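Structural overview
Residue strings, one per chain:
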Amino acid sequence: MTTAPLKRTPLNEVHRAFGAKMVDFGGWDMPVQYTGLIDEHNTVRNAVGLFDVSHMGEIEIRGPEAAKLTDFVTTNAVSKLKHGQAQYSGLLYEHGGFVDDILVHKVADDSFFICVNASNQEKDFEHIVGVSGDFECEVEFASGKYAQLAIQGPKALETAQQLTETPLAGIRYYWFTDGMFAGVPARIARTGYTGEDGFEVYVAPDVAADVWKAIMEAGKPAGIKPCGLGARNTLRLESKMALYGHEIGASISPLEADLGWIVKFDKGEFIGRDALVKQKQAGLKRKLTGFEMRGRGIGRDGYEVTIGGQPAGWVTSGSPAPTLNRNIGLCYLPLERAKPGEKIEIVVRNQAVEAETVPTPFYKRPQ
Amino acid sequence: MNYPESYRYTKEHEWVSLAGDTATVGITFHAQEELGDIVYVDLPKPGAQLAKGDSFGSVESVKAVSDIYAPVGGEVLEANELLTSSPEKLNEDPHEAAWLIKIRVSDPNEFNNLLSAADYQTYVGAES
């Protein structure tokens, strides 16, 4: 067996120059941390942090029936989107499990821009192309055209505004606009994966390093720091945002993952709909639930969950929560137990440690 | 980073210093740097018997948990209580104040056969 060389984003050299610790993240050579995970996490909660998320993939669907195809392959209602609006959605198999979780952006009536997970991008593209024959539109694997930088935190707005004449305060959460940013054409979306206010900026790969430096410079007064995937993970977990391969995957449906809100049954036919209808009629067997450790220990991804010593489920993500100063996690539990206030145990290295189910999200930003 | 010349090191990133038959064991600067922010340290109780290579505890960071292995065998004399209340000290001072355990060594040759500071640094350099 040969090992493929790690893929690199256009910012690889920049990360190394900033002293990042690099790791293999799903085949990508990515920064896991710079100054330290907790420091970076807190910087995003209190000021502003900059992430390279150029490993994320992009798929573009264009043509007279682009909206129809996008609607058919995703769970959320594409018809509800206005120009310049984005929506979180699911790409499902016929059996109702996730191919991926995605962000659908409506660029125009006949043009959709979809941001997908790095390690799923080829699979997502094949999945969409596989059913696109009946629709009058083209599907482009567009990942090579974009680098993506995430500016996240309460001071993201004042930082990003210095680099564009587009009034960013006018872009609402989950809306986007195309405009000049740091002197280059960009797609500027008010989206993120941290639970804070912020922007995700898409630019051409060859200018990504210049844009990164411009953002770092503009963010200096606000105390900006480069942030790695380690902090990105704790930030998203506190905000209960799903991570593919953890909370969601091919064997998990959006209903089980507590993502029923991205499934619009009344919008008409879409891939996976029949399976979800059946699942709903039969009743869910398990559901994603938040927990907090009560005993000493951290429930980590993959650890078994027991109730009164009997197997009950598994942990999908678990970590100390730097903002909350508690050890938190998400797990799958039988439906009747999937509510706050249940006493459960997490099997931490062969030892059952007490935990309790709690309401989610664990963290919500002050409005 | 300063890796004391008088210490010996392992490829599992532990260090050992020896005074008489008492070995002090810790994890290296490189190890704590790889682990990131440390939140828990689990250590054995005094009196525990360890053979070289035994897992005797764990160090848990925000990201992950790692086992620690005995670089030399013997009886555990003391575990560093500082790390129960202040695990983050392991990030700040891994080669001195944040030692993990003291062991009464049964075979001093186990110490002598470990890596020198220079060899360990070469090993870490080659690994990264």
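Just so we're clear, the structure is a prediction, and the values are computed from it rather than from any experiment. (Residues numbered from 1 in each chain as written. Chains lettered and ligands numbered in written order. Predicted model: local features only at pLDDT ≥ 70, side-chain atom pairs only at ≥ 80, totals over all residues.)

**Some thoughts on the overall build of chain A**
Across its full length, chain A carries eight helices and 19 strands. Relative to the compact-globule value of 21 Å for 367 residues, chain A shows a C-alpha radius of gyration of 21 Å, a close match. Taking all 367 residues of chain A together, 48% fall into the buried category. Relative to all contacts within chain A whose residues are 6 or more apart in sequence, the contacts with residues 24 or more apart total 66%. (Helix = DSSP H or I, 4+ residues; strand = E, 2+ residues; numbered from the N terminus. Rg over C-alpha atoms; globule rule 2.2 N^0.38 Å. Buried ≥ 20, exposed ≤ 12 C-beta atoms within 10 Å, placed from the backbone. Contact = placed C-beta atoms within 7 Å.)

**Structural notes on the nonpolar core**
Soluble globular proteins: nonpolar side chains tend toward being buried together. If you look at the biggest cluster of nonpolar residues, it comprises 122 residues, and the most contacted ones within it are Ile114, Leu149, Ile151, Val201 and Ile215 of chain A. For Ile151 of chain A, the contacting residues outside a window of four places in its chain are Val48, Leu50, Ala156, Thr159, Ala160, Gly198, Phe199, Val201 and Ile215 of chain A. (Core = buried A, V, L, I, M, F, W, Y, C linked by C-beta atoms within 7 Å.)

**Examining the environment of Trp314 of chain A**
Residue and element names in this part refer to chain A. Position of Trp314 among the secondary structure elements: in strand 16 (residues 310-321). Considered as a pair, Trp314 and Gly302 are 12 residues apart in the sequence and their alpha carbons are 5.9 Å apart. What Trp314 contacts, discounting residues up to four positions off in sequence, is Gly302, Tyr303, Glu304, Val305, Cys331 and Tyr332.

**Brief notes about the domain arrangement of chain A**
All names here are of chain A. Each assigned domain of chain A is listed with its residue range as follows: domain 1 (12-54 + 146-238), domain 2 (57-144) and domain 3 (285-358). One C-alpha centre belongs to domain 1, the other to domain 3; they are set 31 Å apart. With seven residues of domain 1 in contact, the opposing surface of domain 3 contributes seven residues. Those elements giving two or more residues to the side of domain 1 that touches domain 3 turn out to be helix 2 (37-46) and helix 7 (229-238). Of the residues that constitute the side of domain 1 that touches domain 3, the class distribution is two nonpolar, three polar and two charged. (Domains from an automatic or database assignment. Nonpolar A, V, L, I, M, F, W, Y, C, P; charged D, E, K, R; others polar.)

**Some remarks on the sheet that holds strand 7 (residues 111-116) of chain A**
Think of a sheet as strands paired side by side through backbone hydrogen bonds, with each pair either parallel or antiparallel. Residues and elements named next belong to chain A. Here we have five strands laid out as an open sheet, ordered 5-6-7-4-8, and antiparallel in their pairing. Looking at which strands have only one partner, the edges of the open sheet turn out to be strand 5 (85-92) and strand 8 (138-141). Within this sheet the neighbouring strands show an average axis-to-axis angle of 25°, counted without direction. Taken together, the five bridges between strand 6 (residues 98-108) and strand 7 define a ladder with antiparallel strand orientation. Residue pairing across strands places Val104 opposite Ile114, the latter belonging to strand 7. Packed on one face of the sheet, helix 3 (residues 66-73) meets strand 4 (57-62), strand 5, strand 6 and strand 7 and runs near 130° to strand 4. (Pairing = 2+ DSSP bridges. Axes fitted to C-alpha atoms, helices over the stretch in contact; angles between N-to-C directions.)

**Structural notes on the interface of chain A and chain B**
Taken together, the contact pairs 10 residues of chain A with seven residues of chain B. Split into classes, the residues belonging to the side of chain A that touches chain B amount to four nonpolar, five polar and one charged.

**Here's the deal with helix 7 of chain A**
Residue and element names in this part refer to chain A. Among the 10 residues in helix 7, nine count as buried, and that is most of the element. Within the span of helix 7, buried status applies to Leu229, Gly230, Ala231, Arg232, Asn233, Thr234, Leu235, Leu237 and Glu238. Phi turns positive one or two residues past the end of helix 7, at Lys240, with a value near 55°.

**Quick notes on the sheet that holds strand 17 (residues 326-334) of chain A**
Residue and element names in this part refer to chain A. Taken together, six strands build a closed barrel; the order of strands is 14-17-16-15-18-19 and the barrel is antiparallel. Averaged over all adjacent pairs, the angle separating strand axes in this sheet is 45°, with direction ignored. Sheet analysis places strand 15 (residues 304-307) next to strand 18 (residues 343-348), joined by two bridges and oriented antiparallel. Along strand 18, the bridge assignment pairs Val305 with Ile346. Here helix 7 sits on the sheet and contacts strand 16 and strand 17; the angle it forms with strand 16, its principal contact strand, is near 120°.

**A word on helix 3 of chain A**
Extensive coverage of helix 3 of chain A is indicated by the burial of seven of its eight residues. In the core, the buried residues of helix 3 of chain A are packed alongside strand 4, strand 5, strand 6, strand 7 and helix 4 (121-131) of chain A.

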